[in-house]
Every structure is written in C-alpha cells, then in structure tokens.
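This is what each chain is made of:
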Amino acid sequence: MTNQLHSRDVIVCLGQALLADAKPNPILLTRCDKAVELYRILKCPIINTGGDPVGCGKTEARVMSEYMKSVHGMDEAFIIEEGAAKSTLENAIFVLRILESFKNKEGDNYPHRDTNVYLVTSPH
C-alpha cells in the first residue's frame, strides 16, 4: 500500500468477481476506466477494493491496478489496493480502515469531516 494521500479526496473503485481465468469482466473494466477518469480530474488516490472470493488466485484489486497501470499509464503511487474484501460490506469496512490508517502517517485526523469519497460502482 502506498501513501500518497495529499488531498482530502479519495476515489474508491469497487471490485467485481473475476472470471475463472482471473480476467476482469467488462463491467469491472468500465469501473476502472471511470476511476481513472476521475483521478485525472481530481488528482487524488484511488483505492481499488476486492479480494479473491471466486478463488482464481488473484485479487480483484490487483487485477484492477494492473489494468489501470498498463492501459491508462497510472502511476502506482496513486493506487492503493485493498485485497481482502469478499463482499461489499467488507469493502466498506476495509476502506474505512485504510482511511483511518492515514491519521498516524499524515499526523492529522483522517478522514476529515469534509473528506470527499468518490465511489465508483455499477447500477446493478
């Protein structure tokens, strides 16, 4: 996990179950594309969240990060992976823990009351 949280904003890109061969489905790629689009506007970190609930050997977060770096040229310093969550509820819990961990590293209370969390998901 990297620590490039210099703004009060953060983008959270929710994962989605990978295909059996550890490949992302088109919906997941669309989420990644939108997260990168937001990053280019906001210049804040992206937290890719999602473990390996289907047991394919790779986390959703890792596949998302690899895609963002290889296809969009994202700087890995602005990508944080949360690769343990196996449900949407765990996504929320583990992302909140990541945000709270910045308290100690930044010497400031985080998340702030005015922190903007941009959640990238799908309407299904």
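The rules behind the values
Residues numbered from 1 in each chain as written. Predicted model: local features only at pLDDT ≥ 70, side-chain atom pairs only at ≥ 80, totals over all residues. Heavy atoms only, no water. Helix = DSSP H or I, 4+ residues; strand = E, 2+ residues; numbered from the N terminus. Contact = heavy atoms within 4.5 Å. Areas by Shrake-Rupley, 256 points an atom, 1.4 Å probe, with all protein chains shown as cover. Axes fitted to C-alpha atoms, helices over the stretch in contact; angles between N-to-C directions. Parallel < 35°, antiparallel > 145°, perpendicular 65-115°, else oblique. Left-handed = near helix turned anticlockwise from the far one by under 90°. Pairing = 2+ DSSP bridges. Phe/Tyr/Trp six-rings, centres within 6.5 Å; stacked < 30°, edge-to-face > 60°. Buried < 20%, exposed > 50% of the residue type's maximum accessible area, 1.4 Å probe, protein only. Lys NZ or Arg CZ within 6 Å of the ring centre and 35° of its normal. pLDDT = per-residue confidence, 0-100. Core = buried A, V, L, I, M, F, W, Y, C linked by side-chain atoms within 4.5 Å.

Here the focus is the overall build of the chain. Helix and strand content of the chain: three helices and four strands. Of the regular secondary structure in the chain, the N- to C-terminal order runs β-α-β-α-β-α-β. Intrachain contacts of the chain at a sequence separation of at least 6 include 69% that bridge at least 24 residues. In the structure as shown, the chain presents an accessible area of about 6600 Å², 52% of it carried by carbon and sulfur atoms.

This brings us to the packing of helix 1 (residues 26-42) against helix 2 (residues 60-72). Where helix 1 meets helix 2, the axes come as close as 10 Å, and the angle between the chain directions of the two elements is 60 degrees. Judged by the angle between their axes, helix 1 and helix 2 are oblique. Remark: the crossing between helix 1 and helix 2 carries right-handed chirality. Side by side, helix 1 and helix 2 meet where Leu28, Leu29, Cys32, Asp33, Ala35, Val36 and Arg40 of the first sit next to Met64, Tyr67, Met68 and His72 of the second.

The four strands lie next to each other as 3-2-1-4, forming an open sheet whose pairing is parallel. The two strands at the open ends of the sheet, each matched to only one other strand, are strand 3 (79-82) and strand 4 (116-120). Averaged over all adjacent pairs, the angle separating strand axes in this sheet is 20 degrees, with direction ignored. Here strand 2 (residues 46-49) pairs with strand 3 via four bridges, running parallel. Its bridge partner being in strand 3, Asn48 is matched across the sheet by Glu81. Contacts between helix 1 and the sheet are confined to strand 1 (9-14), strand 2 and strand 4, with strand 1 contributing the most and set at about 170 degrees to the helix. The strands touched by helix 2 within the sheet are strand 1, strand 2 and strand 3, with strand 2 carrying the most contacts at an inclination of about 135 degrees.

For the rest of this paragraph, the subject is the packing of aromatic side chains. One pair of aromatic rings is described through two measures. These are the centre distance and the angle between the planes. Taken as a whole and assessed by the stated rule, the structure comprises one aromatic pair. Measuring from centroid to centroid gives 5.5 Å for Tyr39 and Phe78, while their planes differ by 50 degrees, and the two rings are tilted. Here Phe78 lies in the loop between helix 2 and strand 3 and Tyr39 lies in helix 1, a separation of 39 residues in the sequence. Assigned by exposure class, Tyr39 and Phe78 land together as buried. For Lys43, the ring lying beneath its charged end belongs to Tyr39, and the centroid distance is 5.3 Å.

Overall, the predicted model of the chain reaches an average pLDDT of 87, with 85% of residues at or above 70. Least confident of the elements in the chain is helix 3 (residues 88-106), whose mean pLDDT is 82; most confident is helix 2, at 98.

Our next topic: the nonpolar core. General note: in soluble globular proteins, nonpolar side chains tend to be found buried as a group. Among the nonpolar cores identified, the biggest contains 19 residues, and Ile11, Cys13, Ala35, Tyr39, Ile46, Met68 and Met74 are the most heavily contacted of them. Looking at this core, the elements that each hand over two or more residues are strand 1, helix 1 and helix 2. Element by element, the count of residues in this core is highest for helix 1, at five residues. Filtering out sequence-adjacent residues up to four positions away, Tyr39 remains in contact with Ile11, Cys44, Ile46, Met74 and Phe78. By size, the runner-up hydrophobic cluster in this structure holds nine residues, among which are Val12, Ile80, Val95 and Phe102.

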